[in-house]
Structure formats: structure tokens, C-alpha cells
Amino acid sequence: MELGISGKTALVWGGSRGLGKAAALQLTREGVQVYLLGRTEESLASAARDIGREAGVEPAFIVADMTREADRASVVASVAAPDILINNADGPVPGDFRSWRREDWLDALDAMMLGPIDMIRRVVDGMAEREFGRIINITSRSVKTPQLELGLSNGARSGLTGFVAGLARTVSHRNVTINNILPGVFDTDGQRRHVAEMARQSGRPFEEVWQARVANSTARRFGRAEEFGALAAFLCSQHAGYMTGQNLLIDGGSYPGTF
Ligand SMILES: NC(=O)c1ccc[n+]([C@@H]2O[C@H](COP(=O)([O-])OP(=O)(O)OC[C@H]3O[C@@H](n4cnc5c(N)ncnc54)[C@H](OP(=O)(O)O)[C@@H]3O)[C@@H](O)[C@H]2O)c1
């Protein structure tokens, strides 16, 4: 399917690894001018080279931290009129809420709620004026199925979800959509870090925790980043202009509910 977005411009936070990188690759393949955003220059440069090898065009990149207001401002100052925004950053460290203090909550809110909302604020009106905009927030299945050890994610991402549910309805008449993708369990660096931390906290071997996650999943496997990238690219396409305000699970059917 021709997605109809060749020549558009995209900001992809967390574009150097995992799910963000997979989305960036698909968009680059579709002829989108992609800007990879992340905190580490080396991994951004390496991701740009990888994508260049696969897509035939190297995306640009900007070193920036989603949690820093100055960085968000400078990204938007550097890239005129983005058509696509993918909000994404690290998930939280698993733990027990009894040990989380105000600072831990503020860090989580900056990464998973306030930073993304500020990015939307900076680009959404321009998208509406130009009558094309696609905004995706990479959130988590934890929005629909709370993960006990991921309380920071359950809380902060639900705040983002609630906010954009309202905003999305105000810009759809200008062909601007805002959707959230809720990954289940994907084989990425981020997932490996998460499992390593669970293993450390429980005293179990990494491989045991990893295999238990596979065994407990309905599809009996982890998701592949390219499956995520394809969904993200479709949501950014010309064809997805009538889909907005949605929370799209991509989890191999692990979510147990009918709706
Ligand atoms: N993988 C899964 O199974 C899964 C499941 C549910 C939810 N999620 C969520 O989906 C998101 C992406 O996961 P992933 O597995 O792709 O993670 P990943 O492999 O660790 O990649 C994270 C990307 O985000 C960048 N990043 C992290 N913090 C940032 C910040 N403050 N500002 C800018 N860039 C930042 C990283 O680069 P730098 O570190 O260089 O900045 C990297 O490019 C996370 O929020 C995660 O919690 C993932």
C-alpha cells in the first residue's frame, strides 16, 4: 500500500533504538524526512547509518532529551513545520511504590506525560493550519492492564492518555490525528533492561524471567520491532486520517478483555 506521506517531515523521539527506530525505518522507507531524537549522539549516528543501509536514505538526527524543556524547544526551532511527531522515551524502572518519592514521580511525569504533552503543544497548531498532522504517543499495555511493578508507568501514561483523549477531538477536523500505541512485550534493548532489573530484584536468573514472559504471552513470543514500525507508519499515513483518539494495543492478543 502506498502510504502517501513521501516528502513529509517527522520527529521521532527515541529513534535510535527499539520501537522508535523501527518506526523511523518504516517512515524513511516511505520517503519521509525523518529526524531521530535521543540523548546519545553515538547511538543516533549508528541508528542513522543502519536505517540508511536498509532504506537507502540516512535520516537526520538531533541530540535531545525529552525531559528537558530547552531540548524540546531547540528541536522544534531546528525543524520547521513537522508533519509527524512520535513521542517516546524510556519507560520507568520497576519497583515498589513505597520507595518512590516525589522526585521519582516528577521524572516519570516528565518522560511519559509532561514532555510529550509539551511536544504536542509545540507542533499541533502548525499541523492544523497546514491540514495534515499525525501524532503518535508510544505508551504501554500498562495503560489498560496495570503492571504492579510499573506503577510509575501506570500512573504517568494514564495521565497522557486522558489528556490526549480530549485534545484529539479538537483537531480531527483539520486532518490532525493523535493516537497512542500500546506495545505488549517486544524484544528490544528496553525490554532486556526491564527484565534484567526484574531478575535483579527477584534474585532469579535473567533467562528464567525472559522465558517466563514468553510462556505467559498468548502468542508465545515477543513482538518484533518491525511489526510495531509497520503499525506506526500506517497510523502516520494519508489513509489513517479518520482514526484518532485511539489506544491501539499491539500485544499478540495478550490483553484478555473483549473490548
Ligand atoms: N519493548 C517493550 O516490550 C515495551 C513494552 C511496553 C512499553 N514499552 C515502552 O515503549 C517505549 C520504547 O521502548 P523500547 O523497548 O523501544 O526502548 P529502548 O529500546 O530502550 O529504546 C528507547 C529509545 O528512547 C531513547 N530515549 C530514552 N529516554 C529518552 C529521553 N529522555 N529523551 C530522548 N530519548 C530518550 C533511547 O535513546 P537514549 O537512551 O540514547 O536517549 C532509545 O532511542 C518505552 O517507553 C517503553 O517503556 C516498551
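Refer to the structure presented above.
Figured I'd write up the structure that's included with this text. (Residues numbered from 1 in each chain as written. Predicted model: local features only at pLDDT ≥ 70, side-chain atom pairs only at ≥ 80, totals over all residues.)

### Things to note about helix H6 (residues 189-202)
In this model H6 runs 20 Å from its N-terminal to its C-terminal C-alpha over 14 residues, within 8% of the 20 Å that 1.5 Å per residue would give. Buried residues along H6 sit against helix H7 (206-216). (Helix = DSSP H or I, 4+ residues; strand = E, 2+ residues; numbered from the N terminus. Expected span 1.5 Å × (residues − 1). Contact = placed C-beta atoms within 7 Å.)

### A look at the site of the ligand
Neighbouring residues of the ligand: 30 residues in total, closest Gly14, Gly18, Arg39, Gly91 and Gly190. Counting only elements with at least two residues in the shell around the ligand, the list comes to helix H1 (18-29), strand E2 (33-38) and H6. Residue composition of the shell around the ligand, grouped by class: ten nonpolar, 14 polar and six charged. Composition of the shell around the ligand by domain shows at least three residues from each of domain 1 (9-186 + 224-250) and domain 2 (187-222). (Near = placed C-beta within 6 Å. Nonpolar A, V, L, I, M, F, W, Y, C, P; charged D, E, K, R; others polar. Domains from an automatic or database assignment.)

### Remarks on the nonpolar core
Of all hydrophobic cores here, the largest spans 59 residues; its most connected members are Val12, Ala23, Leu36, Ile86 and Ala232. Per-element tally for this core: the top contributor is helix H4 (residues 102-130), with nine residues. With residues up to four places along the chain from it excluded, the contact list for Ala232 reads Ala23, Gln26, Ile86, Ile136 and Ile181. (Core = buried A, V, L, I, M, F, W, Y, C linked by C-beta atoms within 7 Å. Buried ≥ 20, exposed ≤ 12 C-beta atoms within 10 Å, placed from the backbone.)

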